[in-house]
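Coordinates in review
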Amino acid sequence: MSKSRYQAPKGTRDIMVPESNRISSVLKVFEDTLNSGGYGQIISPLFEEIGVFQRIGGSSEVVTKEMFDFYDKDPKSPQHLALRPELTASICRAFAQHRPVTPWKVWYQGPQFRYEKPQAGRYRQFLQVGAELLGTPDPHADIEIIAIASNFFRKIGLSGIKLLLNSLGDANSRKSYNKALVEYFASNQEDLSEQSQETMLKNPLRVLDSKRQEDQGVIEGAPLITDFLNSDSVNHFHIVQDGLSLLGIDYELTPRLVRGLDYYTKTTFEFVAPNLDSAQNAVGGGGRYDGLVEALGGPPTEGIGFAIGIERTLMACEAENILDSSVQSLEVFIVDTTGGKEALVLSEELRQIGIRVDRSFDQRSMKAQMKAADRSGAELAIIIGTDELNENQVTLRDLRGEGTQTVLDRQSLSKKLPKILEETRK
RNA sequence: GUGGCCGUAGCUCAGCCUGGUAGAGCCCCUGUUUGUGGUACAGGUGGUCGCGGGUUCAAAUCCCGUCGGUCACCCCA
């Protein structure tokens with residue numbers, strides 16, 4: 001395509017009609033699910049001081065390379081800002097700033113930005129929904145968060161989503177595990193890929209995440225976090241597992257599940273869509289981040305939450321063939337061959353009483369208008385030609401069935417139309 | 001950031017290997033139908049072949065660059 005000089009920036013796109021409808025309906029389901037759990041919506045800024053995001057971890061590429069950042073125009077002390085690459089950090093910043101009463105339960109929805117090379121299910125601007133529960137160490141919070149996320153998937157009709165579960169332990173458990181991992185990887189360094197050797201220095205946990213063939217042998221023999229959890233962490237993890245079983249939520253223990261952001265502690269989880277054959281089959285994920293609020297200058301506060309990628313969720317829906325395009329279709333299409341004034345007045349009259357109606361412009365021929373009426377998906381065509389205009393009448397034509405026509409008094413149309421529409425649906 | 005493939009009408013694509021100044025289907029518009037859609041038939045609109053440069057008498061076709069898309073790695077939702 002050549003003629004248009006401008007196009008949507010790399011990794012962004014215009015989401016149009018069938019898909020935009022699907023997105024709104026998915027968002028609606030999410031909103032309902034979260035409201036039913038006592039979570040309130042938070043709408044935070046699309047950008048923050050860059051430091052807010054840098055707190056989430058220096059070994060994460062999301063923070064080191066993938067941020068869209070810029071300076072504002074203040075000539076004296078321009079602020080270094082960044083488009084949000086994720087929302088948990090913003091939420092924790094908001095918590096630290098406002099100190100709400102705990103437990104603080106919020107949900108959010110909106111675009112995030114990551115400067116990455118686009119790929120299937122990966123965009124530079126993408127939509128996430130999520131929820132955070134701040135201010136309690138109670139493992140029941142972990143369970144609730146996971147349950148709510150799986151509720152969401154169930155409600156939109158996805159049945160193949162798998163829940164992967166792990167515990168990274170608290171800071172202490174993690175420290176000793178880290179040590180063991182470093183030792184192990186160091187002694188097997190020559191069998192690791194070059195990349196992984198680098199990763200090892202920055203964040204040994206992340207090496208477990210490598211998909212490189214050459215790393216797999218080493219990874220398989222690596223020590224497991226499970227063996228390094230202290231009693232508090234083990235306890236916490238057991239309660240979470242018991243609770244999930246109690247609620248009938250299936251999960252798969254994945255001791256090597258490591259999430260991308262550095263701030264996670266204890267419970268971590270990921271929702272994957274196995275029937276997505278793309279490399280991006282993680283549709284959502286989350287975990288506990290007990291030190292994050294404090295790192296952002298707030299009081300020591302526990303937190304747990306999840307985020308779900310909408311684009312990937314929709315891809316999963318497509319793979320499961322449950323794409324729902326339940327858009328409210330038009331009820332009436334007005335065909336006016338007398339110049340368009342009637343269509344103008346009548347469409348306004350009907351819209352005011354809540355009927356979904358469209359019309360043609362440009363004074364097109366009756367045939368063309370009928371064609372447009374047909375394609376509009378409307379149930380009824382209201383035809384106004386010179387005959388009707390003179391007689392003060394309108395002709396109703398059924399567009400779904402045989403095309404039966406009835407003539408009606410123009411004056412009584414608004415009153416009778418709702419009932420007539422009801423009849424035609426039978 | 002690294003690598004593979006791709007970029008021709010609004011959409012899906014053929015043509016490119018073996019250079020000779022553009023094609024199909026769908027969509028859209030008009031007509032067959034002197035007020036009436038959904039089927040059928042006939043006709044029509046629409047493209048500086050992503051952009052820039054090079055080779056050549058001649059480039060959609062070959063070469064280089066660039067932008068965009070896509071897939072994998074990396075990373076992540």
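Rules of the game
- Residues numbered from 1 in each chain as written.
- Chains lettered and ligands numbered in written order.
- Predicted model: local features only at pLDDT ≥ 70, side-chain atom pairs only at ≥ 80, totals over all residues.
- Heavy atoms only, no water.
- Helix = DSSP H or I, 4+ residues; strand = E, 2+ residues; numbered from the N terminus.
- Contact = heavy atoms within 4.5 Å.
- Areas by Shrake-Rupley, 256 points an atom, 1.4 Å probe, with all protein chains shown as cover.
- 1 Å grid on protein atoms, 1.4 Å probe; cavity = no way out; pocket = protein on both sides within 12 Å on 5 of 7 lines; lining within 4 Å.
- Points joined across faces, edges and corners; volume = space filled by probe spheres on them.
- Nonpolar A, V, L, I, M, F, W, Y, C, P; charged D, E, K, R; others polar.
- Buried < 20%, exposed > 50% of the residue type's maximum accessible area, 1.4 Å probe, protein only.
- Pairing = 2+ DSSP bridges.
- Axes fitted to C-alpha atoms, helices over the stretch in contact; angles between N-to-C directions.
- Domains from an automatic or database assignment.

1. Regarding the overall build of chain A
Counting its regular elements, chain A contains 16 helices and 16 strands. Along the longest, intermediate and shortest principal axes, the C-alpha atoms of chain A span 95 × 55 × 45 Å. For chain A, long-range pairs separated by at least 24 residues make up 69% of all intrachain contacts whose partners lie at least 6 apart in sequence. Carbon and sulfur atoms form 49% of the exposed surface of chain A, whose accessible area is close to 22,000 Å².

2. Describing empty space enclosed by the protein
Tallied over the entire structure, the rule returns 2 cavities of 30 Å³ or more. Put simply, the largest cavity is a space of about 60 Å³. As for the largest cavity, its lining consists of I334, D336, G339, G340, A343, R359, S360, Q363 and Q369. Within the lining of the largest cavity, the residues separate by chemical class into 2 nonpolar, 5 polar and 2 charged. Lining the second largest cavity we find L168, R174, N203, L205, R206, V258, R259, L261, D262 and Y264. Its residues assigned to classes, the lining of the second largest cavity shows 5 nonpolar, 1 polar and 4 charged.

3. Some thoughts on the pairing of strand β11 (residues 303-309)
For β11, the buried fraction is high: 7 of the 7 residues fall into the buried class. In β11, alternate side chains face the same way, and those of G303, G305, A307 and G309 on one face and I304, F306 and I308 on the other are all buried. Pairing of strand β6 (residues 125-134) with β11 involves 7 bridges; the strand directions are antiparallel. Along β11, the bridge assignment pairs A131 with F306. Two strands pair when backbone bridges link them, and strand β10 (residues 282-288) and β11 are joined in this way by 5 bridges, in the antiparallel orientation. From the neighbouring strand, R288 faces β11, where its bridge partner is I304.

4. Description of the sheet that holds strand β1 (residues 40-41)
With mixed pairing, the 8 strands of this open sheet are ordered in space as β1-β5-β6-β11-β10-β9-β7-β8. Where the open sheet ends on each side, the last strands, each with one partner, are β1 and β8 (252-253). In the packing of helix α4 (residues 88-98) onto the sheet, contacts are made with β5 (104-113) and β6, and the angle to β5 comes to roughly 135 degrees.

5. Quick notes on the domain arrangement of chain A
If you check the domain split of chain A, you get domain 1 (19-170 + 230-319) and domain 2 (329-424). Distance from the C-alpha centre of domain 1 to the C-alpha centre of domain 2: 49 Å.

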